[in-house]
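# Architecture and fold: a report
Chain residues, written in single-letter form:
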Amino acid sequence: MTTATPPMSPPLRPTLRQRAFSERTVRTLKRRRIVSGLMLAVLIGAAVLAVLPLIFIFGHLLTLGVSSLSWDFFTKMPKPVGETGGGLANAIVGTLILIGLASAVGLPVGVGAGLYLAERKGAKLANGVRFLSDVLNGLPSIVMGIFAWQFLVRPVGHFSALAGGVALGAMMIPMVARTTEEMVGIVPVSLREAALALGYSRWRTSLSVVLRTASAGIVTGALVAIARIAGETAPLLFTAFGNQFWSTSLKQPISALPLQVFSYAISPYDAWHSLAWAGALVLIALIFIISLVARFATRARFATGGGD
Amino acid sequence: MTLPDGRAVVEAREGDGATLSIHGAAIGDRVYTGAITFFALCVPLLLLAIAWEIGVAGWPTLHKFGFGFLTSSDWDPVKGEFGAAPAIYGTIVSSIIALVLATPLAIGVSLFLSELAPRWLRQPVGFLVDLLAAIPSVVYGLWGIFVLLPVLRDPVMPFLRDTLHLDKTGLFTGPAYGPSMLAAGIILAIMVLPYIASVSREVLLAVPRSQREAALALGATRWEAIWGAVLPYARSGIVGGVILGLGRALGETMAVTMLIGNRPEIAASLFAPGYTMASLLANEFSEASSDAHLSALMAVAFVLFVITLIVNGIARWLVWQVSRNTSGRTA
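### A look at the overall build of chain B
Tallying secondary structure elements over chain B gives 11 helices and two strands in all. When the helices and strands of chain B are placed in sequence order, the string is α-α-β-β-α-α-α-α-α-α-α-α-α. Taken over C-alpha atoms, the radius of gyration comes to 28 Å for chain B, far larger than the 20 Å a tight globule of 331 residues would show. Buried residues in chain B amount to 51% of all 331 residues. A separation threshold of at least 6 residues defines the contact pool for chain B, and within that pool the share at least 24 residues apart is 72%. Of the roughly 15,200 Å² of accessible surface on chain B, a fraction of 66% belongs to carbon and sulfur atoms. If you average the places of the 20 positive and of the 22 negative side-chain charges in chain B, the two averages end up 10 Å apart.

Here is the structure:
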């Protein structure tokens, strides 16, 4: 091999600089390896450090939340300062009502917008809407709350559950739109073509073939969006406002778990502090149950996808 | 229609039905297209409505104080003096603290997940980091008040000030009460970490294998391969993730309101309480009695809206740019 160099080419001998360079790389190899090892250790440290806050938060939530959790918490109304006991039954129901309202507003619009984005993929308007929905998704939730106040509370003159639901629903729109788009996007084109070839009209193809195929994924996306808005407090401060009493009227201020956690947390009373921890634990549990259901919905989709 | 032949009538009916259904399909298609176009238009309309409602309500203040609204630090609802500088300053400083703390951690954990972690560890660790994004802001605030603040008050703040002598920098001076710019920055760091990490992880996983292998084949150590070949490739995507995190930090309300101390003053020390635009809104909005005060708060909301709009626009654009490039390369 070494003698096989063609006679025309110059001898392949490294220049002085190249030799110096390669010698240096070999000489510094030990140091470079040490630096590499150190930096990799730093990366591992970063990973540990990133997970630590989560462990701490959950640890405190569990230890402080469970101890103040009781059956009364779910069934009783809040008690005034000084009286022991009491629960957050109204806040739990309020949160569920607000979630329902938000879904009623956010889901149809979000799914519809997502269908548009998926069906008009390259269109200018679709690109614009996609970009704007990403931007809307990053909008501070308190701005959404103030918008809802200006839009729905100020003209009427009083806070209402409806305004809170609309604020939360508006926050859901961009999230639902983007996941719907993604899920409709992975439905095979052949399925759509088959339906069209069988004489289905376009709208029926979209709704009863494409949307139905993507439905499990869309449900997942919707649940993820619901899990995200369920814990929102800022948009509710000036809309749903909170309510010490039992209320399920959409026109009246309504209580919500995050609002109660907030007002109890900044209160000076120990009894309320422990109620705040219990409320936070229930809120997190609610969010996790929704997220878990969302995960199972995705699983089901993949399972049927594999069977087809 | 009264044909003697019964079959002919049936055929005619069938023909009718066919044209009818084709006609119906055309209408249905038009209705369907109209409906989804309308829903899609809701997104820009919603953004416009937000800008319009808040802008109009804040206009009297913006008009009266002009540019001084952004630079004056007098915030006195009683006298009718409104300057948003302390809130803007607090928003920016708390976000900077958050990014300074969260960015190295987020990049570290994403590099760990994309380059080092064994396969079985990837999913659970990634899941745990993502879980941070699922915790509501108000729960962070609660945890911050009862866990973070006491820890800051006792060992951490005096340690930084007296033991490390960082008071000479001017950033870590003054009494250690607890509620402070530093506390808000730390809680924000934990909150934006999952956003930066998830974008970085996605971008890092999109870096082609050949990029790493080429560097390793040239004799680079693992760290040199990461530093010299992987990170530069993913740089603009990571920057997009960081800016996305910035957008989150700027508008974060509840946790910050509960931890920052809510005092409309500009102080150099991070131990001093401060204010952010979002916490200003959360605190004063429902108590605003005069029209001038309300309008000033609306103006603050408008400024916050515009800032986050710009920041998010830049972030999305950067992330898009990267995903378009990488998908173009692999295709």
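### Here's the deal with the interface of chain A and chain B
Accessible area lost during the coming together of the parts is what is often quoted as the interface size. The interface is formed by 80 residues belonging to chain A together with 75 residues belonging to chain B. Summing both sides of the interface, chain A and chain B together bury roughly 6,900 Å²; the carbon and sulfur share of this comes to 82%. The tally of links between chain A and chain B comes to one salt bridge. Measuring nitrogen to oxygen at the nearest pair gives 2.7 Å for the salt bridge that ties Arg32(A) to Glu224(B). Applying the counting rule to chain A against chain B returns 10 residue pairs in polar contact (both at pLDDT 80 or more). When residues of the side of chain A that touches chain B are traced back to their parent elements, those giving at least two are helix 2 (29-67), helix 4 (89-119), helix 5 (124-137), helix 6 (141-153), helix 7 (161-185), helix 9 (202-213), helix 11 (257-265) and helix 12 (270-307) of chain A. Among the elements that line the side of chain A that touches chain B, the one with the most residues is helix 2 of chain A, at 20 residues.

### Some details on the side chain of Glu115(B)
Position of Glu115(B) relative to the elements: it lies in helix 3 (residues 85-116). In this structure Glu115(B) touches Arg212(B), Arg222(B), Ile226(B) and Val230(B), once residues within four positions along its chain are discounted.

### Quick word on the environment of Ala134(B)
With respect to the element layout, Ala134(B) can be found in the loop between helix 4 (119-131) and helix 5 (137-163). Look at Ala134(B) and you get partly exposed, because its relative accessible area is 26%. Placed 82 residues apart in sequence, Ala134(B) and Trp52(B) show a C-alpha to C-alpha distance of 31 Å. Residue contacts for Ala134(B): discarding those within four places in its chain leaves Ile287(A) and Phe288(A).

### A word on the pattern of salt bridges
For side chains bearing opposite charge, pairing can occur when the charged atoms are close. A complete count under the given rule lists 13 salt bridges over all chains for this structure. The shortest N-O distance in the salt bridge between Asp134(A) and Arg178(A) comes to 2.9 Å. With Asp134(A) in helix 5 and Arg178(A) in helix 7, this pair connects stretches of sequence that are 44 residues apart. For Arg178(A), a relative accessible area of 23% gives the class partly exposed. A salt bridge links Arg201(B) to Asp130(B); its shortest N-O distance comes to 3.1 Å. Of this pair, Arg201(B) sits in helix 6 (residues 181-205) while Asp130(B) sits in helix 4, and the two are 71 residues apart along the sequence.

### Here we look at the domain arrangement of chain B
Residues and elements named next belong to chain B. Looking at the assigned domains, one finds that chain B contains domain 1 (9-64) and domain 2 (66-330). Taking only C-alpha atoms, the centre of domain 1 and the centre of domain 2 are 39 Å apart. Between domain 1 and domain 2, the residue contacts involve 12 residues of the former and 12 residues of the latter. For the pair domain 1 and domain 2, the two sides together bury roughly 940 Å², of which 74% comes from carbon and sulfur. Together, Ile 54, Thr 61 and Leu 62 form the three largest contributors to the area buried by domain 1 at its contact with domain 2, with a combined 55%. Our enumeration of links across domain 1 and domain 2 arrives at zero salt bridges. Run the count over domain 1 and domain 2 and you get four residue pairs in polar contact (both at pLDDT 80 or more).

### As for the confidence of the model for chain A
Mean pLDDT for chain A: 88, with 92% of residues reaching 70 or above. Here residues 303-308 of chain A is a poorly scored stretch, pLDDT under 50, and it has zero contacts once near neighbours within four places are set aside; other chains count.

### Points about the packing of aromatic side chains
A complete count under the given rule lists 15 aromatic pairs over all chains for this structure. Relative to Phe74(A), the ring of Phe73(A) has its centre 5.5 Å away and its plane inclined at 80 degrees; by these criteria the two rings are edge-to-face. Taking the centre distance of 4.8 Å and the plane angle of 85 degrees together, the rings of Trp149(A) and Phe285(B) count as edge-to-face. Of this pair, Trp149(A) sits in helix 6 while Phe285(B) sits in the loop between helix 10 (277-284) and helix 11 (291-330), on two different chains. Considered together, Trp149(A) and Phe285(B) belong to a single accessibility category, that of buried residues. A connected cluster of aromatic rings, assembled from ring pairs, spans Trp149(A), Phe238(A) and Phe285(B). The aromatic ring of Tyr200(A) is capped on one face by Arg204(A), whose charged end is 4.7 Å from the ring centroid.

### Structural notes on the packing of helix 4 of chain B against helix 6 of chain B
All names here are of chain B. The geometry of helix 4 relative to helix 6 is characterised by a closest axis approach of 8 Å and an angle of 140 degrees between their N-to-C directions. Taken together, the axes of helix 4 and helix 6 are oblique relative to one another. Regarding helix 4 and helix 6, the two cross each other, and that crossing is left-handed. Taken together, the residues of helix 6 that come into contact with helix 4 (itself represented by Gly 126, Val 129 and Asp 130) are Pro 194, Ala 197, Ser 198 and Arg 201.

### Side note on the layout of surface pockets
Taken as a whole, the second largest pocket encloses approximately 510 Å³ of empty space. Breaking the lining of the second largest pocket down by element, the ones donating at least two residues are helix 2 of chain A together with helix 3, helix 5 and helix 6 of chain B. No other element matches the six residues that helix 5 of chain B contributes to the lining of the second largest pocket. Of the residues that constitute the lining of the second largest pocket, the class distribution is 17 nonpolar, no polar and no charged.

### Side note on the nonpolar core
One finds Ile142(A), Ile50(B), Ile135(B) and Tyr140(B) to be the most contacted residues of the largest nonpolar core, which totals 191 residues. No other element matches the 16 residues that helix 6 of chain B contributes to this core. Both domain 1 (9-64) and domain 2 (66-330) of chain B contribute no fewer than three residues apiece to this core. Excluding residues that lie within four positions of it along the chain, Ile142(A) makes contacts with Ala234(A), Phe238(A), Thr253(B), Ala278(B), Leu281(B), Ala282(B) and Leu304(B).

### With respect to the side chain of Asn312(B)
As for its position among the elements, Asn312(B) is in helix 11. Under the relative-accessibility criterion, Asn312(B) is labelled buried at 3%. Apart from the residues within four sequence positions on either side, Asn312(B) is in contact with Val135(A), Gly138(A), Leu139(A), Leu244(B) and Gly247(B).

### Thoughts on unusual backbone geometry
Leave glycine aside and you will find that most residues have negative phi; peptide bonds, for their part, are mostly trans. The backbone of Phe241(A) sits at a positive phi, close to 70 degrees, despite the residue not being glycine. As for its position among the elements, Phe241(A) is in the loop between helix 10 (215-230) and helix 11. The backbone of His165(B) sits at a positive phi, close to 55 degrees, despite the residue not being glycine. Within the secondary structure, His165(B) sits in the loop between helix 5 and helix 6. For His165(B), a relative accessible area of 46% puts it in the partly exposed group.

Analysis parameters
Residues numbered from 1 in each chain as written. Chains lettered and ligands numbered in written order. Predicted model: local features only at pLDDT ≥ 70, side-chain atom pairs only at ≥ 80, totals over all residues. Heavy atoms only, no water. Helix = DSSP H or I, 4+ residues; strand = E, 2+ residues; numbered from the N terminus. Rg over C-alpha atoms; globule rule 2.2 N^0.38 Å. Buried < 20%, exposed > 50% of the residue type's maximum accessible area, 1.4 Å probe, protein only. Contact = heavy atoms within 4.5 Å. Areas by Shrake-Rupley, 256 points an atom, 1.4 Å probe, with all protein chains shown as cover. Lys, Arg positive; Asp, Glu negative; His and termini not counted. Charge placed at Lys NZ, Arg CZ, Asp CG, Glu CD. Buried area = accessible area lost by both parts, 1.4 Å probe. Salt bridge = Lys/Arg side-chain N within 4 Å of Asp/Glu carboxyl O. Polar contact = N/O pair within 3.5 Å; in protein donor to acceptor, adjacent residues only side chain to side chain. Domains from an automatic or database assignment. pLDDT = per-residue confidence, 0-100. Phe/Tyr/Trp six-rings, centres within 6.5 Å; stacked < 30°, edge-to-face > 60°. Lys NZ or Arg CZ within 6 Å of the ring centre and 35° of its normal. Axes fitted to C-alpha atoms, helices over the stretch in contact; angles between N-to-C directions. Parallel < 35°, antiparallel > 145°, perpendicular 65-115°, else oblique. Left-handed = near helix turned anticlockwise from the far one by under 90°. 1 Å grid on protein atoms, 1.4 Å probe; cavity = no way out; pocket = protein on both sides within 12 Å on 5 of 7 lines; lining within 4 Å. Points joined across faces, edges and corners; volume = space filled by probe spheres on them. Nonpolar A, V, L, I, M, F, W, Y, C, P; charged D, E, K, R; others polar. Core = buried A, V, L, I, M, F, W, Y, C linked by side-chain atoms within 4.5 Å.

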